[in-house]
Amino acid sequence: MAFIAAGVLVGLLFARFTAADYVHASLTLQEGGETKPLYISHGEGKRTMALSVKNMQDAPEVRISVDGGSIKSSQPPPIAFPFRQWLSIKDDIFGGLKRGMKIPLSIVLDGKREAYELLFVRVADNSVIQRVPIVRGESHAHH
Amino acid sequence: MRITELFGRVKHRYLFILAGMLLFLPPLNLIPQTVGETNMCGKVCPRLFLILSTKGIASGALSNVQAMWFGVGLVATVLIITFFFGRLWCSHLCPIGGATELIGRLIPARLKISFAKIDAPAFRYGYFAVFVAGAYWGAGNIACKLCSYRVIPFLAGSPFEPAYAAYLSTSMGMAGLLTVALSGFFAKGGRAYCNCLCPVGAVDGLANYLSSKFGFTKKVRTDPGKCVGCGQCVTTCMVWALKKPEATETVQRDTLSCVSCMECAKSCPAGAIYYGKRQK
């Protein structure tokens, strides 16, 4: 019984564990779509957001930027096999996009501002697809 | 360091583990790439679908299966293999447990932590209950937190992809790395995370326990008639699944924890441990 309780206790500790500097969130990229803010915690210091973007717009090339931060992605893989098409990333331009594709982003914010804006711009005509505010507050996406 | 110390006694197992690491981990990650993933998360995740959804158990499960279909298929395949042949995934192919064990073998024994005093099955299923139902109960969601299926691929990929290094430099990444280091790299045998915290291991252990009741299934088994009770196998077991109670002459095997690595069979001087069907 003692070890069952210990397992439950460790499970609860893990479940309750949060890190102020890291948050996981998701977003649907859609022109004219509803834009809900993304949340980072209060306080100073670098903030990292793992953002899973579901691409639901048609532009093949999109510039993704945020003032006061940098954006990285786990795509394309270091050794990309030819049987799959991957994103191509040059500076802040994400190419090879298709509707329904997932864009995994890792956004590192400097933590010096109260709010940020994540900007998605269609490269072809330089028009804004979506502006996503990143604000301070309680995050609702924890995993 | 002698080769037997580095690679254990069942050397072909390490070739399988290395193959598993090449197939599943960055930079090559051949298998995740086939389904459009660059690590063991997303569609490939074999753990997240086990969590009961707060949106409703049935609809949440369906949504999880759709989102993590490859991971679900992987676990289903693992369970079928385990039923008939023992826990060959955990011991021979899992790139995560394999990596902790392999890296752990490079760390001097004097720095290792022994977790053998923990009643692993009791601890494991207590933890597993919270993993599965914690979010549903409102107690919190473990999900990707401190997950070895996240930490190890990100660690392997960090020299190549700055996004992985960015995660590992956060408090969450460092806490995950610390958890994997203490319960993996620095654990005696390198498998304490597998034995106490891995949700796939919990399900797989249960499948092994239940299927070992059937004599036609192939498992690592002990012939009590041949066992001389020397306890040699107890010291080689990575998951402290073998015990020799003082009251008995022979060693007892906990099939909820045994990962079918066969290190014990190789170490047995009396040839009492074998892999196969139950002998009549």
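Just so it is clear, the model here is predicted, and its values are computed rather than measured. (Residues numbered from 1 in each chain as written. Chains lettered and ligands numbered in written order. Predicted model: local features only at pLDDT ≥ 70, side-chain atom pairs only at ≥ 80, totals over all residues.)

Quick look at the domain arrangement of chain B now. All names here are of chain B. Annotation of chain B at the domain level lists domain 1 (3-211) and domain 2 (219-276). Contact residues are listed per partner, giving 22 residues for domain 1 and 17 residues for domain 2. When residues of the side of domain 1 that touches domain 2 are traced back to their parent elements, those giving at least two are α6 (88-93), α8 (120-137), α12 (192-196) and α13 (199-211). At 4 residues, α13 tops the list of elements feeding residues into the side of domain 1 that touches domain 2. (Domains from an automatic or database assignment. Contact = placed C-beta atoms within 7 Å. Helix = DSSP H or I, 4+ residues; strand = E, 2+ residues; numbered from the N terminus.)

For the rest of this paragraph, the subject is the interface of chain A and chain B. Chain A puts 34 residues into the contact, and the matching count from chain B is 41 residues. Only α1 (2-16), β1 (22-29), β3 (47-55), β5 (69-73) and β8 (102-109) of chain A provide two or more residues apiece to the side of chain A that touches chain B. With 12 residues, α1(A) is the single largest residue contributor to the side of chain A that touches chain B. Class assignment of the residues belonging to the side of chain A that touches chain B gives a composition of 20 nonpolar, 10 polar and 4 charged. (Nonpolar A, V, L, I, M, F, W, Y, C, P; charged D, E, K, R; others polar.)

Either a parallel or an antiparallel arrangement is found when strands of a sheet pair, and the pairing is made through backbone hydrogen bonds. Residue and element names in this part refer to chain A. Judged by pairing direction, the sheet is mixed, and its 4 strands sit side by side in the order β1-β3-β8-β5 without closing on themselves. The sheet terminates laterally at β1 and β5, the two strands that pair on one side only. Averaged over neighbouring strand pairs, the angle between their axes works out to 25° when direction is ignored. The pairing of β5 with β8 spans 5 bridges and is classified as antiparallel. In the sheet register, serine 70 faces β8, and the bridge partner there is valine 108. (Pairing = 2+ DSSP bridges. Axes fitted to C-alpha atoms, helices over the stretch in contact; angles between N-to-C directions.)

Residues and elements named next belong to chain B. Taking burial as the measure, the 10 residues of helix α7 (residues 95-104) include 8 buried ones, the bulk of the element. All of the buried residues along α7 are Pro95, Ile96, Gly97, Gly98, Ala99, Thr100, Glu101 and Gly104. Turning to α7, the residues buried within the fold contact α2 (11-24), α6, α9 (148-157), α11 (171-185) and α12. (Buried ≥ 20, exposed ≤ 12 C-beta atoms within 10 Å, placed from the backbone.)

Further remarks concern the nonpolar core. Residues and elements named next belong to chain B. Ranked by size, the top nonpolar core spans 105 residues in total, and within it Ile152, Val239 and Cys264 carry the most contacts. Counting only domains with at least three residues in this core, you end up with domain 1 (3-211) and domain 2 (219-276). If we skip the residues at most four places from it in the chain, valine 239 touches Ala120, Gly189, Arg191, Cys194, Asn195, Ser257, Cys258 and Val259. (Core = buried A, V, L, I, M, F, W, Y, C linked by C-beta atoms within 7 Å.)

Below, the discussion takes up the sheet that holds strand β10 (residues 127-136) of chain A. Residue and element names in this part refer to chain A. Strand order across the open sheet formed by 6 strands is β2-β10-β9-β4-β7-β6, with mixed pairing between neighbours. Each end of this open sheet is capped by a strand with a single partner; those strands are β2 (38-40) and β6 (88-90). Taking the axes of each pair of neighbouring strands and ignoring which way they run, one obtains an average angle of 25° across the sheet. Of the pairings in the sheet, the one linking β2 to β10 comprises 3 bridges and is parallel in character.

The next point concerns the environment of B:Ile152. All names here are of chain B. Position of isoleucine 152 among the secondary structure elements: in helix α9. Residue class for isoleucine 152 comes out buried when judged on the 28 C-beta atoms lying within 10 Å of it. Residues isoleucine 152 and alanine 202, 50 residues apart in the sequence, show an inter-C-alpha distance of 19 Å. Contacts of isoleucine 152, omitting those with residues within four sequence positions, involve Leu25, Ile96, Ala99 and Val180.

Bringing α8(B) into the picture now. The end-to-end C-alpha separation of α8(B) is 24 Å, in line with the 26 Å expected for 18 residues at 1.5 Å each. If you look at α8(B), its biggest bend is around 40°, right at B:Phe131. Here α8(B) has its buried residues at B:Ala120, B:Pro121, B:Phe123, B:Arg124, B:Gly126, B:Tyr127, B:Phe128, B:Val130, B:Phe131, B:Gly134 and B:Ala135. On its buried face, α8(B) sits against α1 of chain A together with α12 and α13 of chain B. Taken from the residues just after α8(B), B:Gly138 is the one with a positive phi, measuring 85°. (Expected span 1.5 Å × (residues − 1). Bend = angle between axes of the 7 residues up to and from the residue.)

Note the cis peptide between A:Gln75 and A:Pro76, where omega equals -10°. Here the bond from B:Pro26 into B:Pro27 is cis, since omega is 10°, no more than 30 degrees from zero. Residue position: B:Pro27 is located in the loop between α2 and α3 (30-34). Despite not being glycine, B:Trp240 has its phi angle at roughly 40°, a positive value. For B:Trp240, the position within the fold is in the loop between α14 (232-236) and β2 (242-243). Classification of B:Trp240 as buried rests on a count of 21 C-beta atoms within 10 Å.

All names here are of chain B. Considering the arrangement of structural elements, one finds leucine 197 in the loop between α12 and α13. Taking the number of C-beta atoms within 10 Å as the measure of exposure, leucine 197 has 26 and is therefore buried. Along the chain, leucine 197 and glycine 176 lie 21 residues apart, while their C-alpha atoms are 12 Å from each other. Leaving out residues up to four positions away in the same chain, leucine 197 has contacts with Tyr127 and Ser183.

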